[in-house]
Amino acid sequence: MKNLLNKPLKKHPDFRHTTTIDQVGVLERTSRITKRSIKNEAKMQGLKMALNMIDLTTLEGADTDQKVRQMCNKAKNLHVSSIKLPTTAAVCVYPSLVKTAKKEVEGSGVKVAAVATAFPSGQAPLDVKLADTKFAVSEGADEIDMVISRGRFHQGEYNYVYDEICAIKEACGKARLKVILETGELGSLDKVRKASDIAMYAGADFIKTSTGKISPAATMPVTYVMLQAIRDFYTQHNIMVGMKPAGGISTAKVALHYLIMVKEVLGEQWLNNNWFRFGASRLANDVLMQIEKQLSGAYQSADYFSKD
Amino acid sequence: MSRLEVLKTYKIYIGGKFPRTESGRYYTPEQNGSKLGNICLSSRKDFRNAVVAARSAQGSWANRSAFNKSQIIYRIAEMLEGRRAQFIEELIKMGASKAKAVKELEESIDRLVYFAGWCDKYQQVFGSVNPVASAHFNFSMYEAQGVVSIVAPEDSALLGLISAVIPVIIGGNTAVIIASESMPLCAISFAEVLATSDLPGGVVNILTGHEKELIDHISKHMDVNGLLYCRENVPLSFDENCEINMKRLSHLYSTNWSSEDLENPYLILDHLEVKTTWHPIEQIGGSAPSY
């Protein structure tokens, strides 16, 4: 199997001058993607694929061991259906709950992702962030979701952001690193593109839109810009980077739109959970309801699906 | 110069908004050779969207105080009174005589007022404190069923519609209505009344179209908790589907919708569930307290 860990590229462009984005073009393109009609067989395949790409997430101050165990159980056994359903790709929790989650998903193939680096604000000194990351890794996290320092980014300290990601990447060791850009705080698509480039040059294995804590979270235009950044990076350096839109994707229909977008911008290679993920807590149930709708012909009710 | 009349497009009512049907299809029912309007032929997806709207409105509607529900239903009556002329004109357009149209409108308003009064009373009248043979305070209350889908009367465009929907919503249910196929004008105008009264969006959703096209989806939709069929014979498939997914199906049909039988609080109970609560109490009477 291909090595899934990227390395920072020491030779990187001057981040003050990165590609600019045609906003009108992006909106036009993404709105066209939402108008596709997806027919039954393709829809069913897409729905199952989407389920298998979900990072089932709980990031609340009120999270308890039991809540995390319950969510892990859901990740492993999504629903009792007449067909075999996949598990989700991973569960995503705070570092302090990694151990609990890890124990619960053992042997199921479900990975454990931990948000680290003073999530969600990222307002902490680098050594605190490194300690946070190392703790999560030592507890057994397979993946680390870090946040970039948006404040520094806005001050134009792009090299600081780059160096920080490099340092966190090193601290991750064998864990894959997802870099959260928190696009809702970046302001424009140009900046989304710039942040994506910085993250990829610094060795990100995934770039991720949002923490889910602020609105707007993942949107199609933002995701499209990030996918294009990934494609350009791949063309230049032959390095694959994964994509994870997170927050705000709660219906199966929207999830399918994202899959179409990935397929058309990046191609088939990215259509598996090594390279594409959905960060979501409510999406799984809607996808399950759509799958049952496809199987039975009747629209489903949330009353018949487990809550978490 | 003769003028080309503009035929009104009556849009459907979902979640407090007036979208066109997702299907883009229309039909133009006629009465005595004149076209009534462009009416949406709602599709199964419109129905699905309406159920989603009804579901998300249900919790907060059920939690409104009984008195507030009463105020809102009364407000609907007020708004209907204010648009007399439009409704009378539409009823005449759909084949009623002037006198009959006025009578139907006035009875509709009266019926709204009648049920507005019941909002904060049915619970006291029908709820109960039950005798039990243990130290428990045992009482039964009525609770909303959830989303109720209504196939509105075919032959009574306004009065029949109101008689069907109001008892359903005052118990805290939300409704998705399939309006009369041949006489749909009043249903959509009534939606305009609802939209401008204080009824929260999504509590009542009104679709127009062919019963035959929609009926299977209505009875199979798992997120619909109850069904109210208000036309003459309940279709067999409807009945069978409800048997499979255990939906409560009730049948309300009358050849005379102005009948006093329809001013009846038992109609409210048709789509409510009884919740019985056991609350432990100190034994009163008999022996002296133990402390």
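1. Points about a nonpolar patch on the surface
Taken together, the side chains of B:Val129, B:Phe137 and B:Ile281 present a nonpolar region at the surface, about 260 Å² in accessible area. Relative to the assigned elements, B:Ile281 resides in the segment after strand E13 (272–280).

2. Side note on the interface of chain A and chain B
Often, the extent of an interface is quoted as the loss of accessible area on bringing the components together. Listed per partner, the contact involves 8 residues of chain A and 8 residues of chain B. Roughly 750 Å² of surface becomes buried between chain A and chain B when both sides are summed, with 53% attributable to carbon and sulfur atoms. Considering only the surface of chain A that becomes buried against chain B, A:Tyr299, A:Ser301 and A:Tyr304 emerge as the three largest contributors, covering 64% of it. Put simply, chain A and chain B have 0 salt bridges between them. Along the contact surface separating chain A from chain B lie 3 residue pairs in polar contact (both at pLDDT 80 or more).

3. Describing the pairing of strand E3 (residues 111–115) of chain A
If a strand is regular, its side chains alternate between the two faces of the sheet. Residues and elements named next belong to chain A. For E3, a buried count of 4 out of 5 residues is recorded, marking the element as mostly surrounded by other parts of the structure. For the crossover that starts at strand E2 (residues 90–93), traverses helix H4 (residues 98–105) and ends in the parallel E3, the hand is right-handed. Looking at chain direction, E3 and strand E4 (residues 143–147) are connected through 3 bridges and run parallel. Bridging across to E4, Ala113 finds its partner in Glu143. Running through helix H5 (residues 126–138), the crossover from E3 to the neighbouring parallel element E4 is right-handed.

4. Details of the packing of helix H8 (residues 211–220) of chain B against helix H9 (residues 236–245) of chain B
Residues and elements named next belong to chain B. As a packed pair, H8 and H9 sit with axes 8 Å apart at the nearest point and diverge in direction by 15°. By the angle between their directions, the pair H8 and H9 is classed as roughly parallel. With respect to the hand of their crossing, H8 and H9 are arranged in right-handed fashion. On the side of H8, the interface is formed by Ile215, Asp216, Ile218, Ser219 and Lys220, while H9 contributes Ser237, Phe238, Asn241, Cys242 and Asn245. Residues of the contact of H8 with H9, tallied by class, amount to 4 nonpolar, 4 polar and 2 charged.

5. Here we look at the packing of aromatic side chains
With the rule as written, the count across this model stands at 14 aromatic pairs over all chains. Ring centres 5.1 Å apart and planes at 85° place the aromatic pair A:Phe276 and A:Phe278 in the edge-to-face group. Assessed through its relative accessible area of 0%, A:Phe276 is described here as buried. We classify A:Phe278 as buried; its relative accessible area is 0%. Consider the rings of B:Phe126 and B:Tyr266, whose centres lie 5.1 Å apart with planes at 65°: the pair is edge-to-face. Of the two residues, B:Phe126 is situated in helix H5 (residues 122–126) and B:Tyr266 in helix H10 (residues 266–269); the sequence distance between them amounts to 140 residues. Assessed through its relative accessible area of 52%, B:Tyr266 is described here as exposed. It is A:Arg152 that lies over the ring of A:Tyr160; its NZ or CZ is 4.0 Å from the centre. Sitting over the ring of A:Trp275, A:Arg176 keeps its end group 4.9 Å from the ring centre.

6. Description of the packing of helix H2 (residues 66–82) of chain B against helix H7 (residues 185–196) of chain B
Residue and element names in this part refer to chain B. Between H2 and H7, the shortest axis-to-axis distance is 9 Å and the interhelical angle comes to 125°. Taken together, H2 and H7 sit at an angle that is classed as oblique. The two elements H2 and H7 meet at a crossing, and its hand is right-handed. Here H2 contributes Ile76, Met79 and Leu80 to the contact with H7, which in turn contributes Phe190, Val193, Leu194 and Thr196.

Analysis parameters
Residues numbered from 1 in each chain as written. Chains lettered and ligands numbered in written order. Predicted model: local features only at pLDDT ≥ 70, side-chain atom pairs only at ≥ 80, totals over all residues. Heavy atoms only, no water. Patch = residues over 30% accessible without salt bridge, like charges linked within 9 Å, V, L, I, M, F, W, Y side chains within 5 Å. Areas by Shrake-Rupley, 256 points an atom, 1.4 Å probe, with all protein chains shown as cover. Salt bridge = Lys/Arg side-chain N within 4 Å of Asp/Glu carboxyl O. Helix = DSSP H or I, 4+ residues; strand = E, 2+ residues; numbered from the N terminus. Contact = heavy atoms within 4.5 Å. Buried area = accessible area lost by both parts, 1.4 Å probe. Polar contact = N/O pair within 3.5 Å; in protein donor to acceptor, adjacent residues only side chain to side chain. Buried < 20%, exposed > 50% of the residue type's maximum accessible area, 1.4 Å probe, protein only. Right-handed = clockwise from strand over helix to strand, strands pointing away. Pairing = 2+ DSSP bridges. Axes fitted to C-alpha atoms, helices over the stretch in contact; angles between N-to-C directions. Parallel < 35°, antiparallel > 145°, perpendicular 65-115°, else oblique. Left-handed = near helix turned anticlockwise from the far one by under 90°. Nonpolar A, V, L, I, M, F, W, Y, C, P; charged D, E, K, R; others polar. Phe/Tyr/Trp six-rings, centres within 6.5 Å; stacked < 30°, edge-to-face > 60°. Lys NZ or Arg CZ within 6 Å of the ring centre and 35° of its normal.

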